[in-house]
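Commentary on secondary and tertiary structure
Below are the chains, spelled out letter by letter.
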Amino acid sequence: MRISPNNPTNTDRSQRGETALAAYAVIARDPEDRGLDGGNLDEIARDTITDLLHRLARGRVHPGAILQGAYERYQEEALRDNPGAEPVIAYPLSCRYCRADRGKPCRWGCKSWEINGDNRHTAPATTTHFPFN
């Protein structure tokens, strides 16, 4: 895996994140519980981010400001540059949960991320459907 440091794609960014999560799992989880698949990914990501927030607070950096800024940067990166082999697919209609504009990623904590089909990172069905019906 070769990641371009000067012009990373979103796939490169994802791989960097996977490397960070895997490293965290090695130091914080039992060997049989380190896989980044299924429910483990959610738990490992949540634990990693939580520990980072604790570290930021101890360094007198506002954790909420960092989270908000990071999510805003994620949204910008999801919509521009070369997304790589696994681009973010924005739902073709306005999100019925957070009201994000058509073609843009959902807002912070949108519950549509938990719903297959309405998930902003799931390719829309080949048939047109309207989730408001």
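Attention in this report is confined to the structure presented alongside it. Being a predicted model, the structure only gives us computed values, none of them experimental.

1. Some points on the side chain of Asn-40
One can find Asn-40 in helix H2 (residues 39-58). Relative accessible area serves as the criterion here: at 16%, Asn-40 is assigned to the buried category. Polar contacts involving the side chain of Asn-40 include one to the side chain of Arg-29, which spans 3.4 Å. Setting aside chain neighbours within four positions, we find Asn-40 in contact with Arg-29, Asp-33, Arg-34 and Gly-35.

2. Points about the pattern of salt bridges
One pass over the structure, following the stated rule, counts 4 salt bridges. Here Arg-29 and Glu-43 are joined by a salt bridge, their closest N and O atoms 3.3 Å apart. Here Arg-29 is found in the loop between helix H1 (10-28) and H2, whereas its partner Glu-43 is found in helix H2, with 14 residues between them in sequence. Note on Glu-43: relative accessible area 38%, which makes it partly exposed. Between Arg-29 and Asp-47 there is a salt bridge; the shortest N-O distance is 3.6 Å. You can see Arg-29 sitting in the loop between H1 and H2 and its partner Asp-47 sitting in helix H2, a full 18 residues away along the chain. Accessibility expressed as a relative area gives 11% for Arg-29, which makes it buried. For Asp-47, a relative accessible area of 32% corresponds to the partly exposed category. Overlapping salt bridges bring together Arg-29, Asp-33, Glu-43 and Asp-47 as one network.

3. Some words on the packing of H1 against H2
H2 packs onto H1 with a crossing angle of 85 degrees between their chain directions and a minimal axis gap of 10 Å. The angle between H1 and H2 falls in the class roughly perpendicular. Here Leu-21, Tyr-24 and Ala-25 of H1 lie close against H2, whose contacting residues are Leu-41, Ile-44, Ala-45, Asp-47, Thr-48 and Asp-51. Here the residues of the contact of H1 with H2 are counted per class, giving 6 nonpolar, 1 polar and 2 charged.

4. Quick notes on the environment of Ile-44
Here Ile-44 lies in helix H2. Looking at Ile-44, the relative accessible area reads 0%, which means it is buried. On a C-alpha basis, the gap between Ile-44 and Leu-21 in space is 6.7 Å, while along the polypeptide they are 23 residues apart. Those residues in contact with Ile-44 that lie beyond four places of it in its chain are Leu-21, Tyr-24, Ala-25, Arg-29, Asp-33, Arg-34, Gly-35 and Leu-36.

5. Observations regarding helix H3 (residues 63-79)
Across its 17 residues, H3 extends 25 Å between first and last C-alpha, which sits within 8% of the 24 Å expected from 1.5 Å per residue. Of the residues making up H3, those classed as buried are Tyr-71, Gln-75, Glu-77 and Ala-78. Taken down its axis, H3 places every buried residue within 170 degrees of arc, on the same side. In this structure, the buried residues of H3 make contact with H1.

Conventions adopted
- Residues numbered from 1 in each chain as written.
- Predicted model: local features only at pLDDT ≥ 70, side-chain atom pairs only at ≥ 80, totals over all residues.
- Heavy atoms only, no water.
- Helix = DSSP H or I, 4+ residues; strand = E, 2+ residues; numbered from the N terminus.
- Buried < 20%, exposed > 50% of the residue type's maximum accessible area, 1.4 Å probe, protein only.
- Polar contact = N/O pair within 3.5 Å; in protein donor to acceptor, adjacent residues only side chain to side chain.
- Contact = heavy atoms within 4.5 Å.
- Salt bridge = Lys/Arg side-chain N within 4 Å of Asp/Glu carboxyl O.
- Axes fitted to C-alpha atoms, helices over the stretch in contact; angles between N-to-C directions.
- Parallel < 35°, antiparallel > 145°, perpendicular 65-115°, else oblique.
- Nonpolar A, V, L, I, M, F, W, Y, C, P; charged D, E, K, R; others polar.
- Expected span 1.5 Å × (residues − 1).
- Arc of directions from axis to C-beta.

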